[in-house]
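Working through the structure, step by step
This is what each chain is made of:
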Amino acid sequence: MTLLDSMPTDCVVSAWNEWDRLREMVVGTAVGANYEPTEPGSRPQRRGGREGNPFPTGPKPQHVIDQANEELQGLVQLLQDWDVVVRRPSPVDFSTQLVSPDFSVENQYCAVCPRDVLITVGSEIIEAPMSRRARFFEYLPYRDIVRGYWKQDQNVRWTAAPKPSMHDRMYRQEFWEWPLVERHKRMHDFEFCVTQEEVLFDAADASRFGNDIIIQESMTTNRAGIEWLRRHLQDRGIRVHAVHFPLDLFPSHIDCTFVPLRPGLILTNPERPILEGEDKLFLDSGWKLVDAPQPSLTNDQMPEFCQSSKWLSMNVLSLSPDVVICEENEHELHELLSREGLEVLTIPFRGVYEFGGSLHCATWDVRREGKGEDLLG
Ligand code: ABU
């Protein structure tokens, strides 16, 4: 790393971790949201006993969009009350079909979860390649914002990771047919619905710890994607570590599994322990791993069309190392975090669950105080 990289910066884009005092952030929007289509990288299923019924296609109902937008606006208000500058994505019509030389998909998805698409590493904004066809163009709602930062400050770096073909060859279709017993047998192979050939990652599979970034192998991030990020960041002295959670048989995004809250404290998922030996990276540096309590909803009680797990409960957003925002119904989590010395702010957010995310997913931090530090190893 150069000296310049590690220095505190006035750059309009600057964020090194998940917890430093938040100053500027993008909050997603449900405007224009559609149901995610069935495609090689995703087989959406209904919940609550309706698994066998067809999954809808096309635009989400307006009342569902309105409910999510009301909750997202509540988050905006809370952030502004804490002097955080908030920006919102440009509206995009996600109902349009995509046709490329290599694939087509009947409609696109939504701009509720900027965390999946964008990551800030120091003064660099990286647009993830993504792994699903319906999300190929999901960077577009954020392009005006990103271009604005880039024009505003010559220290801002802006990188779009190579776009994958999303050709049928990029996917492992038989993954979806493997019964659970087969998945359990294969869980240490870390082979999911994407193959290893092309560079793929969703930004939400990564988590920032200063000069170290951890990133999980998942249904949305493959080893080539992790290698691309590692090579891309190594010249700046930023180390990328692959991590694995073998009991998560459908992993997608690390922020419901392993959530750093402040230096020395990580909220962990009791049903998805980190691979034996990989905990050393954290324990040897004095980090404490604390299991989250069971969520207030079971998987069956999650919204019928939500494709994420009950562990959205732990998808919290840090305002600072001392203050964290949680969904209002997660009382046991509030108590745990309070016992750990955090001030817990709560807001309603279950209407956003329908779109696959909670507070961390629905946001992308652009600027936090602080600088790059060596916090692991
Ligand atoms: N988008 C986050 C989903 C993670 C999970 O379902 O556990």
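Only a predicted model underlies this, so the values are computations on that prediction, with no experimental measurement involved. (Residues numbered from 1 in each chain as written. Predicted model: local features only at pLDDT ≥ 70, side-chain atom pairs only at ≥ 80, totals over all residues. Heavy atoms only, no water.)

**Remarks on helix H5 (residues 223–234)**
Compared with an ideal rise of 1.5 Å per residue, which puts 12 residues at 16 Å, H5 spans 16 Å between its outermost C-alpha atoms and is within 8% of the ideal. Residue Asn222 occupies the N-cap position of H5, its side-chain oxygen lying 3.3 Å from the main-chain nitrogen of Ala224. (Helix = DSSP H or I, 4+ residues; strand = E, 2+ residues; numbered from the N terminus. Expected span 1.5 Å × (residues − 1). Polar contact = N/O pair within 3.5 Å; in protein donor to acceptor, adjacent residues only side chain to side chain.)

**Some words on the site of the ligand**
With respect to spatial proximity, the complete set of residues near the ligand consists of Ser252, His253, Cys256, Arg272, Ser308, Ser309, Gly356 and Cys361. Interatomic distance of 3.0 Å between a side-chain N/O atom of Arg272 and an oxygen atom of the ligand. Residues belonging to the shell around the ligand are distributed by class as follows: two nonpolar, five polar and one charged. (Near = heavy atom within 4 Å. Nonpolar A, V, L, I, M, F, W, Y, C, P; charged D, E, K, R; others polar.)

**Focus: the sheet that holds strand E11 (residues 258–262)**
Ordered by their spatial adjacency, three strands build an open sheet running E11-E12-E13, and the pairing between neighbours is mixed. Two strands bound the open sheet, and with one partner strand each, they are E11 and strand E13 (288–291). Strand-to-strand twist across the sheet, computed as the mean angle between neighbouring axes with direction ignored, equals 30 degrees. Here E11 runs beside strand E12 (residues 265–268); their pairing, made up of four bridges, is antiparallel. Within E12, the residue paired with Pro260 across the bridge is Ile266. Helix H7 (residues 331–339) contacts E11, E12 and E13 of the sheet and is inclined by roughly 160 degrees relative to E12. (Pairing = 2+ DSSP bridges. Axes fitted to C-alpha atoms, helices over the stretch in contact; angles between N-to-C directions. Contact = heavy atoms within 4.5 Å.)

**Concerning the pattern of salt bridges**
Between side chains of opposite charge, a pair can form when the charged atoms approach closely. Within this structure, the stated rule accounts for 31 salt bridges. The partner of Arg115 in a salt bridge is Glu18, and the shortest N-O contact between them spans 3.9 Å. With Arg115 in the loop between strand E4 (104–105) and strand E5 (118–121) and Glu18 in the loop between helix H1 (3–6) and strand E1 (22–27), the pair connects residues that are 97 residues apart, well separated along the chain. Classification of Arg115 as buried rests on a relative accessible area of 5%. The salt bridge partner of Glu177 is Arg43, with a shortest N-O separation of 3.2 Å. On the criterion of sequence distance, the pair formed by Glu177 in the loop between strand E7 (157–160) and helix H4 (180–186) and Arg43 in the loop between E1 and helix H2 (62–81) is long-range, its members being 134 residues apart. (Salt bridge = Lys/Arg side-chain N within 4 Å of Asp/Glu carboxyl O. Buried < 20%, exposed > 50% of the residue type's maximum accessible area, 1.4 Å probe, protein only.)

**Some thoughts on helix H3 (residues 143–152)**
The complete set of buried residues in H3 reads Ile145, Val146 and Tyr149. Buried residues along H3 cover an arc of 95 degrees about the axis, so they all sit on one side. Where H3 is buried, its residues contact E1, strand E2 (85–87), E5, strand E6 (124–127), E7 and strand E17 (363–368). (Arc of directions from axis to C-beta.)

**Focus on the sheet that holds strand E9 (residues 212–216)**
The strand order across the open sheet formed by three strands is E8-E9-E10, and the pairing between neighbours is mixed. Where the open sheet ends on each side, the last strands, each with one partner, are strand E8 (206–209) and strand E10 (239–243). Between one strand axis and the next, the sheet turns by 25 degrees as a mean value, whatever way the strands run. Bridge analysis of E8 against E9 gives four bridges, and the strand direction is antiparallel. Within the sheet, the bridge partner assigned to Ala206 lies in E9 and is Ile215.

**A few points about the packing of aromatic side chains**
As enumerated under the stated definition, the model contains 18 aromatic pairs in all. Centroid distance Phe103 to Phe136: 5.7 Å. Interplanar angle 55 degrees. Geometry classified as tilted. Here the residue Phe103 occupies a position in the loop between strand E3 (98–99) and E4, and Phe136 occupies one in the loop between E6 and H3, the gap between them amounting to 33 residues. Owing to a relative accessible area of 6%, Phe103 belongs among the buried residues under this scheme. Judged by its relative accessible area of 14%, Phe136 falls in the buried class. In this structure an aromatic cluster arises from ring pairing among Trp19, Phe209, Phe245, Phe258, Phe282 and Trp287. A cation over an aromatic ring shows up here: Arg183 above the ring of Phe175, its NZ or CZ 4.4 Å from the ring centre. Over the aromatic face of Trp178 sits the side chain of Arg186, whose NZ or CZ is 3.9 Å from the ring centroid. (Phe/Tyr/Trp six-rings, centres within 6.5 Å; stacked < 30°, edge-to-face > 60°. Lys NZ or Arg CZ within 6 Å of the ring centre and 35° of its normal.)

**Concerning unusual backbone geometry**
With the exception of glycine, the majority of residues adopt a negative phi angle, and the majority of peptide bonds are in the trans configuration. For Asp83, which is not glycine, the phi torsion reads 60 degrees and is therefore positive. You will see that His253, though not glycine, has its phi angle at about 85 degrees, which is positive. Within the secondary structure layout, His253 lies in the loop between E10 and E11.

**Some points on the nonpolar core**
Grouped together as the largest cluster of nonpolar side chains are 53 residues, with contacts concentrated most on Val13, Ile125, Ile126, Phe201, Leu229 and Leu233. Considering every element that reaches this core, the biggest residue donor is H5, with four residues. The residues touching Leu233, leaving out its near neighbours within four places in the chain, are Val121, Glu124, Ile126, Ile213, Ile238 and Val240. The next biggest cluster of nonpolar side chains, apart from the first, holds 31 residues, and it includes Ala68, Leu79, Val352 and Cys361. (Core = buried A, V, L, I, M, F, W, Y, C linked by side-chain atoms within 4.5 Å.)

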